[in-house]
Amino acid sequence: MKMKEEKIINFMINDMPVKAKEGTSVLRAALDNGIYIPHFCYDKRLEVYGGCRLCLVDIKGGRKLVTSCTTAVQEGMEVYTETPKVISARKTVLELLLVHHPLDCPVCDKAGECQLQDLAFKYGASEGRFSAQRKKDPERLDAPVVQRNTNRCILCGKCVKVCYEHQGVGAIELIGRGFKTKVSPAFEETLNCEFCGQCIDACPVGALNSSYYRHVSRAWYLKDHDMPCPYCGCGCITTLSMRDGKIVRAKGVEGKGQNDGNLCSRGRYGFDFISSPQRLTKPLMRKDSLYSNNIVSSEGSTCNDNPFIETSWDEALDFIAKKMSQIASEHGHEKIGAIGSQRCTTEDNFMLQKFIKESIGSSNVDSAALFGYEKASRSFESVFGQRLRHISWDAPLSADFMLVVESDITSLLPVWGLKFLESKRKGSRLVVADAKKTKLSRHSSSWLRITPGSGTALINGMINVLIREELYNKSAAEDVAGFIELRSSLKEFTPDVAAKASGVTADEIVNLAREYASAKERIIAITACASENTKSSSLFVAAANMAMLMGDGPESLQVPAEHSNTLSMIASGVQAGVNGKNAYEMLYQSNTLRALYIVGEDPLVMMPDTTAVENNLKSLDFLVVQDIFMTDTAKMADVVLPAAAWAEKEGHFISATGNVQKLEKICSSPGEAKPDWEVFSMLIKKMDSRAGLMSFSDVSMEAQLKASSFMARLERSKGRPGFIPVELTIAEEPDSQYPFRLVTSTILQHSGSFSMLSKNLDAIASEPYIQINSADASRLSINPDAFIEISSRRGSAVAKAVVSDEVPEGTLFAPVHFSSARINALTYAAVDGRVPLAAVKITKI
Amino acid sequence: MSGKIFIRVCMGPAGIAAGGKAVLDEFNKTLSDKNMPADISSRCIHNQVGCMGLCSKDVLVDVEINGCKSTYEHVKPEMVKQIVDDHIVAGAPVKQWLADEPLKKFLDKQEKVVLSDCGVIDPEDIEAYISRGGYSSSKKIITSMKPEQLIHEIKLSGLRGRGGAGFPTGLKWEIARKSEGQIKYIICNADEGDPGAFMDRAIIEGNPHLIIEGMIIGAYAIGSNKGYVYIRAEYPLAVQRLENAIKQSRAKGYLGSNIFGADMSFDIEIKLGAGAFVCGEETALIASIEGQRGMPRAKPPFPVHKGLWGKPTVINNAETLANIPYINRKGADWFSMLGTEESKGTKVFALTGKIRNSGLIEVPMGITLREIIYDIGGGLEPGKHLKAVQTGGPSGGCIPAEMLDISVDYESLAKAGCIVGSGGMIVLANDDCMVNIARYFLNFTQSESCGKCVPCRIGTKRMLEILDRITKGLGEPGDIEKLEKLGNDIRLGSLCGLGQTAPNPVLSTLKYFRDEYEAHIFDKKCPAGVCNALLTFSIIESSCKGCQACAKACPSGAITGDKKKPHFIDQKLCIKCGACFDVCRFKSVQKF
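In this text the structure is predicted, and so the values were computed from the model without any measurement.

Analysis parameters
Residues numbered from 1 in each chain as written. Chains lettered and ligands numbered in written order. Predicted model: local features only at pLDDT ≥ 70, side-chain atom pairs only at ≥ 80, totals over all residues. Heavy atoms only, no water. Helix = DSSP H or I, 4+ residues; strand = E, 2+ residues; numbered from the N terminus. Rg over C-alpha atoms; globule rule 2.2 N^0.38 Å. Buried < 20%, exposed > 50% of the residue type's maximum accessible area, 1.4 Å probe, protein only. Contact = heavy atoms within 4.5 Å. Areas by Shrake-Rupley, 256 points an atom, 1.4 Å probe, with all protein chains shown as cover. Arc of directions from axis to C-beta. Phe/Tyr/Trp six-rings, centres within 6.5 Å; stacked < 30°, edge-to-face > 60°. Lys NZ or Arg CZ within 6 Å of the ring centre and 35° of its normal. Pairing = 2+ DSSP bridges. Axes fitted to C-alpha atoms, helices over the stretch in contact; angles between N-to-C directions. Domains from an automatic or database assignment. Buried area = accessible area lost by both parts, 1.4 Å probe. Salt bridge = Lys/Arg side-chain N within 4 Å of Asp/Glu carboxyl O. Polar contact = N/O pair within 3.5 Å; in protein donor to acceptor, adjacent residues only side chain to side chain. Parallel < 35°, antiparallel > 145°, perpendicular 65-115°, else oblique. Left-handed = near helix turned anticlockwise from the far one by under 90°. Nonpolar A, V, L, I, M, F, W, Y, C, P; charged D, E, K, R; others polar.

Q: Whenever I open this one, the overall build of chain A confuses me. Can you help?
A: Looking only at helices and strands, one finds 28 helices and 32 strands in chain A. Whereas a compact globule of 845 residues would reach a radius of gyration of roughly 28 Å, chain A reaches 29 Å, a difference of no more than 12%. Expressed as lengths along the three principal axes of its C-alpha atoms, the size of chain A is roughly 90 × 75 × 60 Å. For chain A, buried positions account for 63% of its 845 residues. Counting contacts in chain A only where the partners sit at least 6 residues apart, residues at least 24 apart contribute 74% of the total. Surface exposure of chain A reaches about 31,500 Å², of which carbon and sulfur atoms provide 49%.

Q: Any chance you could explain unusual backbone geometry here in plain terms?
A: What you tend to see is this: most non-glycine residues have negative phi, and most peptide bonds are trans. Residue B:V59 is bonded to the preceding B:D58 through a cis peptide linkage, with omega at 5°. For the bond from B:K299 to B:P300, the omega torsion is -5°, close enough to zero to count as cis. Looking at the secondary structure, you find B:P300 in the loop between α13 (282-289) and β8 (313-317). Of note in the backbone geometry, A:L155 takes a positive phi value of approximately 55° without being a glycine. Within the chain, A:E470 stands out as a residue other than glycine whose phi angle is a positive 50°. Here A:E470 lies in the loop between α15 (455-468) and α16 (474-477).

Q: What is the right way to look at helix α24 (residues 610-618) of chain A in this model?
A: Structurally, the α-helix is built with 3.6 residues per turn, so residues lying three or four positions apart point the same way. Residues and elements named next belong to chain A. Looking at α24, one finds that the buried residues are T610, V613, N616 and L617. Buried residues of α24, viewed axially, fall in a sector of 120°; they line one side. Looking at the packing, one finds that the buried side of α24 touches α22 (583-588), β22 (595-599), α23 (603-606) and β23 (622-627).

Q: So what exactly am I meant to see when it comes to the packing of aromatic side chains here?
A: The description of an aromatic ring pair uses the distance of the two centres, along with the angle that the planes make with each other. According to the stated counting rule, one finds 28 aromatic pairs over all chains in the structure shown. Pairing A:F319 with A:F622 gives two aromatic rings, centres 5.5 Å apart and planes at 85°, and the pair type is edge-to-face. Of this pair, A:F319 sits in helix α8 (residues 313-331) while A:F622 sits in strand β23, and the two are 303 residues apart along the sequence. The structure contains a cluster of three or more aromatic residues connected by ring pairs, namely A:Y231, A:F273, A:W646 and A:F754. Positioned above the aromatic ring of A:F813 is the side chain of A:K436, whose terminal nitrogen or guanidinium carbon lies 4.2 Å from the ring centre. In this arrangement the basic side chain of B:K452 is found over the ring face of A:Y49, its NZ or CZ atom lying 4.1 Å from the centre.

Q: Help me understand the sheet that holds strand β4 (residues 68-72) of chain B in this model?
A: Sheet strands line up and pair through hydrogen bonds in the backbone, either parallel or antiparallel. Residue and element names in this part refer to chain B. In space, the four strands of this open sheet follow the order β2-β1-β3-β4, with mixed pairing throughout. The sheet is open, and its two borders are formed by β2 (44-49) and β4, each paired with just one other strand. For this sheet, the mean inter-axis angle between neighbouring strands, taken without regard to orientation, is 15°. Taken together, the five bridges between strand β1 (residues 5-10) and strand β3 (residues 61-65) define a ladder with antiparallel strand orientation. Opposite I5, over in β3, you have I65 as the bridge partner. Contacts between helix α4 (residues 77-89) and the sheet are confined to β1, β2, β3 and β4, with β3 contributing the most and set at about 25° to the helix.

Q: Looking at this model, I keep getting lost on the domain arrangement of chain A. Mind explaining?
A: It is common to give the size of an interface as the accessible area lost on bringing the parts into contact. Looking at chain A, the domain boundaries give domain 1 (8-82), domain 2 (132-275), domain 3 (285-372 + 565-714), domain 4 (386-527) and domain 5 (740-844). Once you take the C-alpha centre of each, domain 1 of chain A and domain 4 of chain A turn out to be 42 Å apart.

Q: Even after reading the chapter, I still don't get the environment of A:E809, so can you show me in this structure?
A: Residue and element names in this part refer to chain A. Along the chain, E809 falls in the loop between β30 (796-803) and β31 (811-815). In this structure E809 comes out as exposed when scored by relative accessible area, which is 54%. Placed 37 residues apart in sequence, E809 and I772 show a C-alpha to C-alpha distance of 7.7 Å. If near-sequence neighbours (up to four positions away) are discounted, E809 is found in contact with N773, A775 and D776.

Q: What is the right way to read the domain arrangement of chain B from this model?
A: All names here are of chain B. One can read the domain layout of chain B as domain 1 (5-100), domain 2 (126-336), domain 3 (346-429), domain 4 (434-523) and domain 5 (536-591). Between domain 2 and domain 4, the C-alpha centre-to-centre distance is 35 Å. Between domain 2 and domain 4, the buried area comes to about 930 Å², and carbon and sulfur atoms account for 75% of it. Looking at the side of domain 2 facing domain 4, the largest losses of area belong to P195, F277 and P296, adding up to 52% of the total buried there. On inspection of domain 2 and its partner domain 4, the count reaches zero salt bridges. The interface formed by domain 2 and domain 4 contains three residue pairs in polar contact (both at pLDDT 80 or more).

Q: What exactly am I supposed to notice about the packing of helix α2 (residues 20-31) of chain B against α4(B) here?
A: The geometry of a pair of packed helices is captured by two quantities: the angle between their axes and the separation between those axes. All names here are of chain B. Where α2 meets α4, the axes come as close as 9 Å, and the angle between the chain directions of the two elements is 40°. Looking at the two axes, α2 sits oblique to α4. Helix-helix and strand crossings are classified by hand; for α2 and α4 the assignment is right-handed. Taking contact as the criterion, the partners of A22, V23, E26, F27, T30 and L31 in α2 are, on α4, P77, V80, K81, I83 and V84. When the residues that make up the contact of α2 with α4 are grouped by side-chain class, the tally is eight nonpolar, one polar and two charged.

Written as structure tokens, this is what we have:
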């Protein structure tokens, strides 16, 4: 929706002329102009509440004091924020709050950053005119990560509203009334929510706190650092509080980053993975490979089960350099490859590809993005003639119609997902086509529960309607190459045919197409994550076809990059070049490689069809894994190198929105762990003694230059656009033997396999599970929480059954993060346009 | 003699409580007795009616023969036979049971408009309502009048909201009509929660169709086709009668699509309140209907612009809506002749307290308090003299006896620091403690505060704590000033009407009865003899019969004395519970 030209209102605050847009509240206008009016319940994200009565102001000519949060600015208005009358009223409010507020500031984690404390200080001590019945509710420490102390609560209601209105959850509510009112989940049960922790940052006092921060530090000893979050592509700025060289807290701060104070559970709680005891601290070498290379004699070795021995960096790197040179000379440079990481910095990835391309002389560098963002980007390029643009943070807000296809955005890019909810709240239409019930589908204007993986059919059906009813943009589309082919390919793909393929009704498809066509500003949003198996390149091609058919630009397709540095990893050169092998060829096709160098990636857990990966890794002569902890993949390696993690090294990330964000080194890395870029700098020197060691600033400059020139090329490059007819093909349809579809994805509280290191996140979601529809569960007599084993033609996994109608009948859903139940043992790897859905059966209950 | 004989048994809440059902059954039985002369039983129409007003004399029974009406008071089933034999068969009323004189005085100064059919017609029979002219005005309006004309008419009548604030109804409708939007709602607020008030209840129980017709007319005026009646779940009889009336109206085609055959659709849904006083506040009421927690929100936007589900919504009090059909039937001029310059029409009050004729009254605006209490109410209970009149329930205040000649209208009461409110009127006598009364009302608002805004949630709690202390003899110098300061801060600082008016009972009693507060605080005395903690109980030796009842009742063993000899209270042991005072049959326990 395009905003109307807004009228500017001129008025006065404390005799100072102020301008504000029409409809702005006096409080907002004052804050925007640097005039502080005390408030507890106001939050710019929320509908005004008007409950705390602290923002009272005097308006000249007014009968009584008014709350500035509920009063809109008016031309010529004269507002006074600190008159004796106002101060008196404010003091009364504070006095009333303080008279029963437990003055347990000495043990309150909020002390020092508590707004009540600050305001009490500002407006003078309470006179203590009243006797006080205090509240004596027990503290609630029963929920993971969030702890509540209702006695300290001043009932500003912000937590309730941020949860319900903004976050779209509604896990807590005001219960009881009058003086007995308190914030609690229904029936005072244990809090069970998505644990975003937004309520904690919203709380102006110490009523809501993070469990991990309980009695950890006084606020005045903390030093805050703003850093981009290490998890998804949102690139949120999280404010990390440091004490004694350790991160003790993460919070969102209004006005910082495009997230503007919002964080999800990963961003707010997941920072502690870096302090996990499972972190690697020393380079490790596999004993077997040392024996076979005659570096160490097998004789005299102790009977130790540990297949690795600790070694020094020098030894380890010498060994790697020697093996790489040997393999290159014996089998050819092209037999060596590397897998980069979407979570490592631009500098790290740049140095990896430099090492592989320049020191080894191979072009085989790629990453797991092949199964995610790269798949989408290249599909998009094939139609639009240019690669995917980065997403726009506010794209949902400027759209009046949003179509989300098979994408759980609020789980994958949670904070960007909030923009969809916000846009819907402000009146836009949100249509969600998804088999699984998600937060977006719950909040949608309309939810089409399509068959898993059938997004392509749905869009093709829509295209059929758009063409048949001549709703498309003729002048823009008909001259584009491939239009005739597209039209004829979908001529028979009527809504009835599409309905059959996608599991919704023909009317729904027709209506959706008409609604899509009649919208003024429309976007299609699709996530592209390697762990999702309901999408193939066809879906992105189909979506691009449809957007181009309407004459919409590339920005109408919003596909976010998955991880914190996916975009920059690609930009810095970690992507399969013309001559190089891609990740699929390296990891799934036998005999492609002899040696592989994997950085910050765990293909054995996070990539599809792990059995195939495992076999391929086993056949290698030499495997190096460089990571922050002993991943399943690292366990197979000949050399394991300990890497410094986020916050332990300098560098840069590029978020899904294209923001280049700087990372600081604020912690020291454990043991001898080193930044990835430094490891490669050392390796390059080992391979060629003439090369000098590079400093961080050299590396960074070169890396950034490469990344930025790549990004700039993306913007400029414009190939010939052309429609590409595609059709829906599914790799493996359920049959009588394997009757279930297995849908996999990422869940809100985790990201990849490394978030398992976070104690906080582990407290929220620690176990693998398999979601099954209640009808299927009762048919098969599966009780909730029973362990079940599921198998596909490739492998099997055991996990707890979660009976939930979030999944449709005939479909199982499982998150892929948990290495204890390796769900990816069952999945299908397909890079050929087929939807990689797997057919599975339940083998044991 | 061939005219109809009407027998009407009061089955309002008080009538039912006094045994109205048994009386009606007895009439049924007696009149259907086979010995009954056939010409009598065939002419007899006996039925239940809604509240007849004089609740303190229930069960009331009207017998009307050839237009000549007699009313019996305190009727019991065993009296029915004689009434039938003497009055109905023989034509001679049973004089000693008639309520003639006090009833005449009770009714004389009243002006019944909204209650004119209440207590006359059978509330469960739509035909009875129609026979009195019901639904004639709505039909006329919908089939022949423009909404703007109708609104003009209501504006001319000068009708103001009867819920308490007194906002002009015609103006409210006009704003709602002009408010942008296709969908609009009309809500009847029947969430009558004031302690001691039962006006809306009596109207809905006595004449439910009046509300429905008022809503139909209002809906036509603003262009709404959906109405809600938000009514307390604690009013099961009113709900049942309203449901029945809505059903009957639908069957007649007065509700539903194309009502009265015109191009208008309108239907009414009943929403039961869940027992929160604050849901009488319109934004909280809307939240409650929407299924949200019943909490008020800041205004503007006002409901007429953005109300139920964000659509323009008119919320009228039940009594306001009940006035509408009469205004349309009899004309705006007729209505505006009633009442004062600024406050037109009549007002229904629930007259209770230490008064002889307690019950439901309807008086023209501008009547004096003296007329209400001494003429209509018949004066105070024997031996008591007037101290004050509390109006407006927990949001209102007290008018002292010296101001008895005050005109009862919106402006005059407001000037006295009081409000008309929804219509509770409690008569307080010399034995009522004003501090305790203030404490009572504050206790009510305090526990009914929704908890959203600080002044109301905590301020009322702290005021109550002070009042509690004062009535327990623990008052301190400075308490009065604290109450005044805090009361004013709550009034100015609260979000909604509940909080803004919650201190009124305290502030108005402080204004007129400051000496009583001072007596409590400084002299540790309760002049009215109500606050036990401030009293000294003692036994009058001369009249004590030594029955030992007080000694047995005393929970602290403070009373000693031999049988048939005067007893004695040990003041050190006395916990001032008042049990001895309550049990003594000889009035030998005194408190002062």
